[in-house]
Amino acid sequence: MAATPSFPSPSLPYSKPPRVSTSNSRTLKSNQSSNYYHFLSLLQSWKTLLHVKSIHAQILKNGLEYNVNLSACLYDGYTAQNDVRTARNLLSCVQKPDVLSWNLLIKACSRSRQFGQCLELFVQMQQAGFDADEFTYPCVLNSCVEPSLLPAGQNVHGRIVKSGLECNVYVSSALINMYATCKRVDYAKKVFDEMGDKDLVSWNSIITGLLKDERFVEAVNAFVEMRGQDVGPNRTSLSSAISACGREKDLELGQQIHGLVVKFGDEIVEDVSVNTSLVFMYAKCGDMNSSIKVFGSMPERNAVSWNAVISGCVQNRKMEEAWDLFKQMQLEDVEVGEITLTTMIIACKTLFAVKMIHAYLVKMGLTGEEIIGAALIEMYGNCGSLDDARIVFDETSRGEMGAWNSMLLGYVRNGQPREALDLFSQFEKTGLRPDPITLVGVLSACTNLGSIQQGRYVHDYIISKGIEVNVVLGTALIDMYARCGSVEMAKEIFEGMNVKDLVTWSVMIAGHGANGQAKEAADLFSRMVKDGFQPDNVTFTSLLSACSHAGLVKEGWDFFNQMTNVYGLTPKSEQYACMVDLLGRAGQLDEAVDFIKAMPIEPGMSVWGSLLGACRIHNNMDLGAYAAEKLFDLDPEDPGYYVLLSNLYAFSGRRDDANRVRDLMKTRGLRKPPGCSWVELGGTIHEFYVGDESHPQSRMIHKKLSELEERMKELGYVADTNLVLHDVEEEVKKEFLSKHSERLAIAFGLINSTDPGEPIRVTKNLRVCPDCHRATKLISKIVRRRIIVRDAHRFHHFDNGICSCGDYW
């Protein structure tokens, strides 16, 4: 046998046996003998590491440290308590270490997750001349469960094959567990399939491995096969199989396994892990009643059980039940942890609720965590409290994308696209690589601003960084270009995409429609259907809107009827509103009213709003007032409807009624949002309000407008002062019209844009007024420049005195 390998000096102060005189020798031996049995008895009943160390100190004091039996017992105690260092020192003092001693030490290293030391001991054991056995290899393989240690595990696998132990059920089970944990489930399955006898441990290992690798169907099939071979199951295999059913949303099989659990009796029925898996499975399958029922019947619950049922409520949008359970959890003194609070953030519907959970997190010192911070930012954003969201963002670790994405999307969703673009500029300096969520958010900000220059920059950024344009990102690019008025570029990206989904098709159809290309929208719809895509309600909203903007009543009716007759879809409020808008814009107001009366659902604001807008276009006072009354009942706080009704009265010459509606707005504290237009130059957005004189180039802008107006008059332009509701002189009304925000923006663009081939692009927050629409047509003819105006409803492409809307908007 090879010599025992050298080890570091013992951590405890070993000393040589004390010298004693001959006269006292016999008495000492007698005492040592009695002490030996005393310490041996104590070592067989130790309870804690401190207890073992105390006995060890007494052994040293009595000079018995070299006793083989006592050293072996101490060694066993230290390894059982995972004190590997002291156990390793003791091994050097054992006169004749054996395989069991090495196995105990290797097992202790593995159990205490000292994987590197475990592998080192395995090598030293072999160098010392000891052969590993069926107890050694499982411990060593359990130390190779990290992906970085997989090569070492494969090396051990090779030694196992050479030793002829690959058929040993314990060794094979450990191999399966190692490969599965390292996400090499195919290797695990190969070992499993080659096993002769399979015990419950090996079945559990492969089922759990398949579950962790998200191969849920295979995990369930393995469980069924195990049952077919009359093996098990136990709580581990049952929990794994139930969880797999939940992940696969296989409620029927999950219920069958639940029945099997009941048959196994109280030990399994009352098991926490099995019941928690049942709670999880029912929640994942959408059966929250059963999930809560199982949870309520559990004799014992832990934090995982509470998290499973609360998460299930949140995922199934049962927020009140989630809050009730959260309160009950606290009443039962269950520790509220990070997972629970992260889940409850999502359950928050009000700002007060978010702040309450935030206070919990502050108390626990968890607000700086990336995942929690991102969830808090998102919920503050959903509640419209972006100042609070920004405070959390500034306090959160930003090593990953979560917090950045939540803050950026919060700005976009709350109508602050400029702040979103500023945040992206800060993000670029971090060196992090954006993910598709980031880029979709930035593109949405560009879309909302109508900023095609910023959108092009983001597109170039995606290309320069080699970022894969998946279907979501490609669709966002199409939407950005289409809603910035560049349908040609949107179509180029659309045609270049190898993979398209229904959203991609619908966005491109909507892009054609908003830009006055109804025929192209209809043709694309036909292509989509031929390619095997089934349209949904969103697709038809895009189609019907395109028909409405183009006045295609017959085509609109055809598409609306196809929804139910061909595709089996049930029209919703959006599609009904499109039809009312289509009929109303075409002057078929009686037909629109009949259509509303025949609707199987209660007409909402969008329907009555469409009718009111059509009444304003066609100056139908009585019907418009009726539609307005309906709108005031549904939403008395929306100033837009008051403005529409007031304008309708004014156009009909009923100034007193118009003023009465305006006074009603003031009484209710409502204000019409001021008209605002903006134009982009060199990546900077320049904003203009009616009569704006705050811009540095204000004098040049007004001078340019005066020049254009003189030339417009030569072409027959006369200002339509009926559109000005203020009770002022006629000349003041004309001046007021000439300083509308879109005209200021157009003049600024003409002064500063030097490329005659590049269109002047203007975005407006409200609908373009008829006088500005007529004026812009003339300006496009005078300056021989294409002018693209995106208002609150659609695009107007002005070119050589003609608008793409055909004066129908």
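Under an unreviewed UniProt entry, the name given to the protein is DYW domain-containing protein, and the organism recorded is Aristolochia fimbriata.

Kindly report on the overall build of the protein, identifying the contributing residues and their values.
Helix and strand content of the protein: 43 helices and six strands. In the protein, which comprises 809 residues, the proportion classed as buried is 49%. Nonlocal contacts in the protein, meaning residues at least 24 apart in sequence, comprise 63% of its contacts between residues at least 6 apart. Approximately 39,200 Å² of the protein is accessible, and the part contributed by carbon and sulfur atoms is 50%.

Tell me about the packing of helix α16 (residues 272-284) against helix α18 (residues 303-315), residues and numbers included.
Between α16 and α18, the shortest axis-to-axis distance is 9 Å and the interhelical angle comes to 5°. By the angle between their directions, the pair α16 and α18 is classed as roughly parallel. Every residue of α18 that contacts α16 at Val272, Thr276, Val279, Ala283 and Lys284 is listed here: Val304, Ser305, Ala308, Val309, Gly312 and Gln315. For the contact of α16 with α18, the per-class residue count stands at six nonpolar, four polar and one charged.

Let's hear about the side chain of serine 646: which residues, and what values?
Take serine 646: it is sitting in helix α38 (residues 639-651). The class for serine 646 is buried, based on a relative accessible area of 1%. Within polar-contact distance, the side chain of serine 646 engages the side chain of arginine 662 at 2.9 Å.

Any details on the side chain of aspartate 791? Residues and values, ideally.
Assignment of secondary structure puts aspartate 791 in the loop between β4 (787-790) and β5 (795-799). Despite its burial, aspartate 791 remains without a salt bridge, the nearest opposite charge being carried by arginine 767 at 5.5 Å. One polar contact links the side chain of aspartate 791 to the main-chain amide nitrogen of valine 768, over a distance of 3.2 Å. Of the polar contacts made by the side chain of aspartate 791, one reaches the backbone nitrogen of histidine 793; its length is 2.8 Å.

Can you tell me about the pattern of salt bridges, naming the residues and giving the values?
On inspection of all chains with the given rule, the structure shows 26 salt bridges. Note that arginine 743 is salt-bridged to aspartate 771, the shortest N-O span being 2.2 Å. In this pair, arginine 743 sits in helix α42 (residues 741-752) while aspartate 771 sits in helix α43 (residues 770-783), placing the two residues 28 residues apart along the sequence. Accessibility classification places arginine 743 together with aspartate 771 in one group, the buried group. The shortest N-O distance in the salt bridge between aspartate 771 and arginine 774 comes to 3.2 Å. Of this pair, aspartate 771 and arginine 774 both sit in helix α43, three residues apart, which is roughly one turn of that helix.

Help me get a handle on the sheet that holds strand β2 (residues 684-689), residues and values and all.
As summarised here, the arrangement of the six strands in space is β2-β1-β3-β4-β5-β6, forming an open sheet in which the pairing is mixed. Looking at which strands have only one partner, the edges of the open sheet turn out to be β2 and β6 (802-803). Where β5 lies against β6, two bridges are found, and the strand directions are antiparallel. Its bridge partner being in β6, aspartate 799 is matched across the sheet by isoleucine 802.

Any details on the packing of aromatic side chains? Residues and values, ideally.
Scanning the entire structure with this criterion turns up 25 aromatic pairs. When the centroid spacing of 5.6 Å and the interplanar angle of 75° are considered together, the rings of phenylalanine 424 and tyrosine 461 count as edge-to-face. On the criterion of sequence distance, the pair formed by phenylalanine 424 in helix α25 (residues 417-428) and tyrosine 461 in helix α27 (residues 452-464) is long-range, its members being 37 residues apart. Each member of the pair, phenylalanine 424 as well as tyrosine 461, carries the same accessibility label: buried. Aromatic pair tryptophan 505 and phenylalanine 533: ring centres 5.8 Å apart, planes at 50°, arrangement tilted. Of the two residues, tryptophan 505 sits in helix α30 (residues 502-514) while phenylalanine 533 sits in the loop between α31 (518-530) and α32 (537-550), which places them 28 residues apart along the sequence. Joined through ring pairs, the aromatic side chains of Phe393, Trp404, Phe424, Phe427, Tyr457 and Tyr461 make up one cluster. The lysine or arginine in question, lysine 198, covers the ring of phenylalanine 192, its NZ or CZ lying 5.0 Å from the ring centre. The ring of phenylalanine 494 carries lysine 500 above its face, with NZ or CZ at 4.9 Å from the centroid.

How would you sum up the environment of alanine 719? Please name residues and give values.
Summarising the element assignment, alanine 719 is placed in the loop between α40 (698-714) and α41 (730-738). According to the relative accessible area criterion, alanine 719 is buried, its value standing at 16%. Along the sequence, alanine 719 and aspartate 771 sit 52 residues apart, while their C-alpha atoms lie 6.6 Å from each other.

Please give an account of helix α34 (residues 573-585) that cites residues and values.
Note on helix geometry: an α-helix contains 3.6 residues per turn, so any two residues three or four positions apart are oriented the same way. With 13 residues, α34 ought to run about 18 Å at 1.5 Å a step, and its terminal C-alpha atoms sit 18 Å apart, in line with that. Judged by how many residues are buried, α34 sits mostly within the fold: 11 of 13 residues are covered. Turning to α34, its buried residues number three or more, namely Gln575, Tyr576, Ala577, Cys578, Met579, Val580, Asp581, Leu582, Leu583, Gly584 and Arg585. Packed against the buried residues of α34 are α32, α33 (553-565), α35 (589-597) and α36 (605-618). Phi turns positive one or two residues past the end of α34, at glycine 587, with a value near 85°.

Could you give an account of the nonpolar core, naming the residues involved and the relevant values?
Counting 202 residues, the largest nonpolar core has Ile357 and Leu611 as its most contacted members. If we skip the residues at most four places from it in the chain, leucine 611 touches Val580, Leu589, Ala592, Val593, Ile596, Leu623 and Ala627. Judged by nonpolar contacts, the second largest core, of 30 residues, contains Ile701, Tyr717, Ile760 and Ala775.

An account of the UniProt feature "repeat: PPR" (unreviewed entry) in the protein is needed here, citing residue identities and associated values.
UniProt records the feature "repeat: PPR" (unreviewed entry) for residues 98-132, 199-233, 302-336, 400-434, 501-535 and 536-571 in the present numbering. Structurally, residues 199-233 comprises 74% helix and 0% strand, and the distance from its first C-alpha atom to its last is 10 Å. In residues 302-336, helix accounts for 74% and strand for 0%; the two terminal C-alpha atoms are 11 Å from one another.

Quick rundown of the pairing of β4? Include the residues and the values.
Residues in a regular strand point their side chains to alternate faces of the sheet. In β4, alternate side chains face the same way, and those of Ile787 and Val789 on one face and Ile788 and Arg790 on the other are all buried. Note: strand β3 (residues 760-764) against β4, four bridges, orientation parallel. The residue of β4 that forms the bridge with threonine 763 is arginine 790. Taken together, β3, α43 and β4 constitute a β-α-β crossover, and its handedness is right-handed. Where β4 and β5 come together, four bridges link them in antiparallel fashion. Pairing of isoleucine 787 across the sheet is with phenylalanine 798, part of β5. Where β4 folds back onto β5 in an antiparallel hairpin, the turn is made up of four residues.

Please set out unusual backbone geometry residue by residue, giving values where relevant.
A positive phi angle is found at aspartate 230, which is not glycine, with a value near 55°. Structurally, aspartate 230 is set in the loop between α12 (216-228) and α13 (235-248). For asparagine 619, which is not glycine, the phi dihedral falls at a positive 55°. In this structure, asparagine 619 sits in the loop between α36 and α37 (621-634).

Report on the environment of glutamate 270, specifying residues and quantitative values.
Relative to the elements of secondary structure, glutamate 270 occurs in the loop between α15 (266-269) and α16. Assessed through its relative accessible area of 42%, glutamate 270 is described here as partly exposed. Here the alpha-carbon distance between glutamate 270 and glutamate 300, two residues 30 residues apart in the chain, equals 7.4 Å. Once you skip the residues sitting within four places of it in the chain, glutamate 270 turns out to touch Asn275 and Pro299.

Would you mind going over the packing of helix α22 (residues 370-382) against helix α24 (residues 402-413) in detail, with residue names and values included?
Relative to each other, α22 and α24 sit at 5°, their axes nearing to 8 Å. In this view, α22 runs roughly parallel relative to α24, as classed from their interaxial angle. On α24, the residues touching Glu370, Ala374, Ile377, Glu378 and Asn382 of α22 are Gly402, Ala403, Ser406, Met407 and Arg413. Grouping the amino acids of the contact of α22 with α24 by side-chain chemistry returns four nonpolar, three polar and three charged.

How each quantity is defined
- Residues numbered from 1 in each chain as written.
- Predicted model: local features only at pLDDT ≥ 70, side-chain atom pairs only at ≥ 80, totals over all residues.
- Heavy atoms only, no water.
- Helix = DSSP H or I, 4+ residues; strand = E, 2+ residues; numbered from the N terminus.
- Buried < 20%, exposed > 50% of the residue type's maximum accessible area, 1.4 Å probe, protein only.
- Contact = heavy atoms within 4.5 Å.
- Areas by Shrake-Rupley, 256 points an atom, 1.4 Å probe, with all protein chains shown as cover.
- Axes fitted to C-alpha atoms, helices over the stretch in contact; angles between N-to-C directions.
- Parallel < 35°, antiparallel > 145°, perpendicular 65-115°, else oblique.
- Nonpolar A, V, L, I, M, F, W, Y, C, P; charged D, E, K, R; others polar.
- Polar contact = N/O pair within 3.5 Å; in protein donor to acceptor, adjacent residues only side chain to side chain.
- Lys, Arg positive; Asp, Glu negative; His and termini not counted.
- Salt bridge = Lys/Arg side-chain N within 4 Å of Asp/Glu carboxyl O.
- Pairing = 2+ DSSP bridges.
- Phe/Tyr/Trp six-rings, centres within 6.5 Å; stacked < 30°, edge-to-face > 60°.
- Lys NZ or Arg CZ within 6 Å of the ring centre and 35° of its normal.
- Expected span 1.5 Å × (residues − 1).
- Core = buried A, V, L, I, M, F, W, Y, C linked by side-chain atoms within 4.5 Å.
- UniProt positions renumbered as here; feature names shortened; annotations may be inferred.
- Right-handed = clockwise from strand over helix to strand, strands pointing away.

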